[in-house]
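# Structure assessment
The lines below spell out each chain.
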Amino acid sequence: MARTVLPMPEVSQIDVTRHFTRLSQRNMSIDTTMYPLGSCTMKYNPRVNEDAARLPGFAMLHPLQDAATAQGALALMYSLQEWLAEISGFTATSIQPAAGAQGEFTGILMMRAYHAARGDHKRTRMLIPDSAHGTNPASSAMAGLTVVEIPSDSRGNVDLATLKATLSDDVCGLMITNPNTLGMFEEHIQEVVALVHAAGGLVYGDGANMNALLGIAKPGEIGFDVIHYNLHKTFSTPHGGGGPGSGPVACNDKLADFLPGPIVERIGSEKEAHYAWKTPAHSIGRMRAFHGNFGMHVRAYTYIRVHGEDGLRAVSQNAVLNANYVQARIRQMNLLPLPNGERFCMHEVCAQGKIDGAPSITALDVSKRLMDYGFHPPTNYFPLPKIVPESLLIEPTETESMQMLDRFIDALRQIVDEARTQPELLKNAPHNVEMRRLDEVKAARELVLCCVI
Ligand SMILES: *Cc1c(COP(=O)(O)O)cnc(C)c1O
């Protein structure tokens, strides 16, 4: 078809502006409300990051440009590689992967390549705790490994007895999230790491949620071999509709040669440096075209520079403080059950949408009613029901004030009262938002991506 006859819609600028502005207002977002979506770390995205990403020298670069003409961009990427290695206690980083799950896939391919390079070809099993994010087993399976699930114990830690019984010389490694998705720090993490290493396996850390650890604990020093970061969680680059993401991988010397390339190398002293692309000796290859999501690198770089070492530590301290404040108030007011409430939580707190005196109420009902009070719901049904029935994973992040946390608790208190006296209010919620309760199964099966306005 000739381009002149393409059926392009004829709409005026004001109609387009109104359409998109109206759509944006229908969405709940971190710019309009607290968004305590556990594990997803929906923190405020500072606007200075956006200013930096829009600087013409960054925004107008072409990915095929010769490195000699993009030295500033390479210098920024080099610094980001170095800082991410420093923050996690590792020696090398690739910032190429485009998301957390792709970072996982990258790290697992590196683990496989490491074993293969040593002629150890029988390591085909990946051990994954049952509290893991769903992407962990998916990435392992995609990399051709057999997934073996390890149960959690009653304190929310990896069950050590099962781990010991499962380790053997066919284990590629263990993939673990710490703090785990119950918001708990693994109490035996060093023992877990030592056991896996003794069996010849490697330890993968899912670092999507580094928000509890910045400046406090380093996975590399704990003994992990490789992690991925989610820049779009921990380092405040926008996600959830505002993406794209970025999932850098950091590792120790054992795995550094296998990183995807190219990565940026500095030649010469800091003062007279120039920067060039280098592909590691036994690289698993490219994970993505060009150099990853560079706009996200600029935003994360800006976030780290603005905060500095003390600022990053304060981020984690306040994220953990906020989550514990929410946990303490839920416990004090006896609002919802807290499966691990006797322990301090890390950056998120796991509660249950079960209310005494309101047997029909589910986590989903509580979440939908929270929308009427102007809050984005917490994460529902993750951790999985077999670990925590009716889970509500609440991650306030460090960017919410105490007043906002009190308003959230107050909304929860009112919802618990309503559940006992007018349960249908919750059952039919939400009432005050753009869309009523959706049939999620139908929405997924009969996907309609456009509508007539
Ligand atoms: C978000 C998340 C991931 C996946 O990250 P994506 O960027 O969505 O692919 C993996 N693990 C954990 C623990 C997460 O919270």
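Residues numbered from 1 in each chain as written. Predicted model: local features only at pLDDT ≥ 70, side-chain atom pairs only at ≥ 80, totals over all residues. Heavy atoms only, no water.

### Description of the site of the ligand
Which entries qualify depends on this criterion: We call a residue near a molecule or strand whenever a single non-hydrogen atom of that residue lies within 4 Å of it. The term polar contact refers here to a pair of N or O atoms within 3.5 Å; inside protein, the definition further demands a hydrogen-donor-capable atom paired with an acceptor-capable atom, and it admits residues adjacent in sequence only when both atoms are side-chain atoms. All accessible-area figures derive from a Shrake-Rupley calculation using a 1.4 Å probe, and residue coverage is judged against the displayed protein chains alone. Put simply, DSSP marks the helices as runs of H or I at least four residues long and the strands as runs of E at least two long, and each gets a number from the N terminus on.
Among the 13 residues in the neighbourhood of the ligand, the closest are listed as Ser-39, Ala-101, Asp-206, His-232 and Lys-233. The separation between an oxygen atom of the ligand and a polar side-chain atom of Asn-209 is 3.4 Å. Between the ligand and His-232 there is a distance of 2.6 Å, counted from an oxygen atom to a side-chain nitrogen or oxygen. Isolated, the ligand exposes 380 Å² of accessible area, and the fraction of that covered by the protein chains is 86%. Of the residues forming the shell around the ligand, the biggest block, 3 residues, is contributed by helix α5 (residues 100-117).

### Brief notes about unusual backbone geometry
Here the residue pair Gly-261 and Pro-262 is connected by a cis peptide bond, since its omega of 0° sits within 30 degrees of zero. Mapped onto the fold, Pro-262 is located in the loop between α11 (253-256) and β8 (263-267). With an omega dihedral of 5°, the bond running from Phe-382 to Pro-383 counts as a cis peptide bond. On the secondary structure map, Pro-383 appears in the loop between β11 (379-380) and β12 (391-394). Positive phi is not limited to glycine here, since Phe-290 has a value of about 55°. Secondary-structure assignment places Phe-290 in the loop between β9 (274-278) and α12 (294-332).

### A short note on the domain arrangement of the chain
Worth spelling out the cut-off: Each domain's limits were defined by an automated method or a database of domain assignments. Whether two residues are in contact is decided by their heavy atoms, any of which lying within 4.5 Å being enough. Simply put, the buried area is the total loss of 1.4 Å probe accessible area from both parts when two parts are fitted together. In the sections that follow, a salt bridge refers to a side-chain nitrogen of Lys or Arg positioned within 4 Å of a carboxyl oxygen of Asp or Glu. Charged residues are taken to be Asp, Glu, Lys and Arg, nonpolar residues to be Ala, Val, Leu, Ile, Met, Phe, Trp, Tyr, Cys and Pro, and polar residues to be all remaining types, Gly included.
We note that the domain assignment places domain 1 (32-44 + 308-437) and domain 2 (49-307) within the chain. Its C-alpha centre places domain 1 at a distance of 29 Å from the equivalent point of domain 2. Each partner contributes residues to the interface: domain 1 has 35 residues there, and domain 2 has 37 residues. Taking both partners together, domain 1 and domain 2 bury about 2,800 Å²; carbon and sulfur atoms supply 56% of that area. One can count 3 salt bridges joining domain 1 with domain 2. Across the pair Glu-149 and Lys-386 runs a salt bridge, and its minimum N-O distance is 3.0 Å. Put simply, domain 1 and domain 2 have 20 residue pairs in polar contact (both at pLDDT 80 or more) between them. Broken down by element, the side of domain 1 that touches domain 2 gets its largest block of residues, 11 residues, from α12. Of the residues belonging to the side of domain 1 that touches domain 2, the class tally is 17 nonpolar, 8 polar and 10 charged.

### Overview of the environment of Gln-65
The criterion, for reference: Only protein chains enter the accessibility calculation, which uses a 1.4 Å probe; a residue is then buried when its area is under 20% of its type maximum, exposed when over 50%, and partly exposed in between.
Considering the arrangement of structural elements, one finds Gln-65 in the loop between α3 (56-59) and α4 (71-88). Among the residues examined, Gln-65 registers a relative accessible area of 30% and is labelled partly exposed. Engagement of the side chain of Gln-65 in a polar contact is seen with the side chain of Thr-69, the distance being 3.2 Å.

### Description of the pairing of strand β6 (residues 226-229)
Where we set the bar: In short, DSSP must find at least two bridges between two strands for them to pair.
Side-chain alternation along β6 places Val-226 and His-228 on one buried face and Ile-227 and Tyr-229 on a second face that is also buried. Note that strand β5 (residues 202-207) and β6 share 4 bridges and pair parallel. In the strand pairing of β6, Tyr-204 is matched with Val-226. Of the pairings in the sheet, the one linking β6 to strand β7 (residues 249-251) comprises 3 bridges and is antiparallel in character. Across the sheet, Val-226 pairs through a bridge with Cys-251, a residue of β7.

### Focus: the packing of aromatic side chains
Note the cut-off: Paired rings are identified among Phe, Tyr and Trp, the last through its six-membered ring, by centres lying within 6.5 Å, and are further divided according to the angle between planes into stacked (under 30 degrees), edge-to-face (over 60) and tilted (the rest).
Tallied over the full model, the rule gives 7 aromatic pairs. Between Phe-58 and Phe-294, the ring centres sit 5.8 Å apart and the planes meet at 65°, which makes this aromatic pair edge-to-face. Here the residue Phe-58 occupies a position in helix α3, and Phe-294 occupies one in helix α12, the gap between them amounting to 236 residues. Grouping aromatic residues by their ring pairs yields a cluster made of Tyr-229, Phe-235 and Tyr-303.

### Brief notes about the nonpolar core
In globular proteins that are soluble, nonpolar side chains generally tend to be buried together. Heads up, the rule is: The criterion is simple. A nonpolar core is a set of buried Ala, Val, Leu, Ile, Met, Phe, Trp, Tyr and Cys residues joined through side-chain atoms within 4.5 Å.
Membership of the largest hydrophobic core comes to 56 residues, with the highest contact counts inside it found for Leu-84, Ile-87, Leu-127, Leu-163, Ile-176, Tyr-229 and Phe-235. Residue assignment for this core shows that the elements contributing at least two residues are α2 (47-53), α4, β3 (146-150), α7 (160-166), β4 (171-177), α8 (189-198), β6 and α12. Here this core spans two domains, since at least three of its residues come from each of domain 1 (32-44 + 308-437) and domain 2 (49-307). If we skip the residues at most four places from it in the chain, Phe-235 touches Leu-84, Ile-87, Leu-214, Tyr-229, Asn-230, Ala-300, Tyr-303 and Ile-304. Counting 36 residues, the second largest nonpolar core, distinct from the first, contains Ala-323, Leu-335, Leu-338 and Ala-358.

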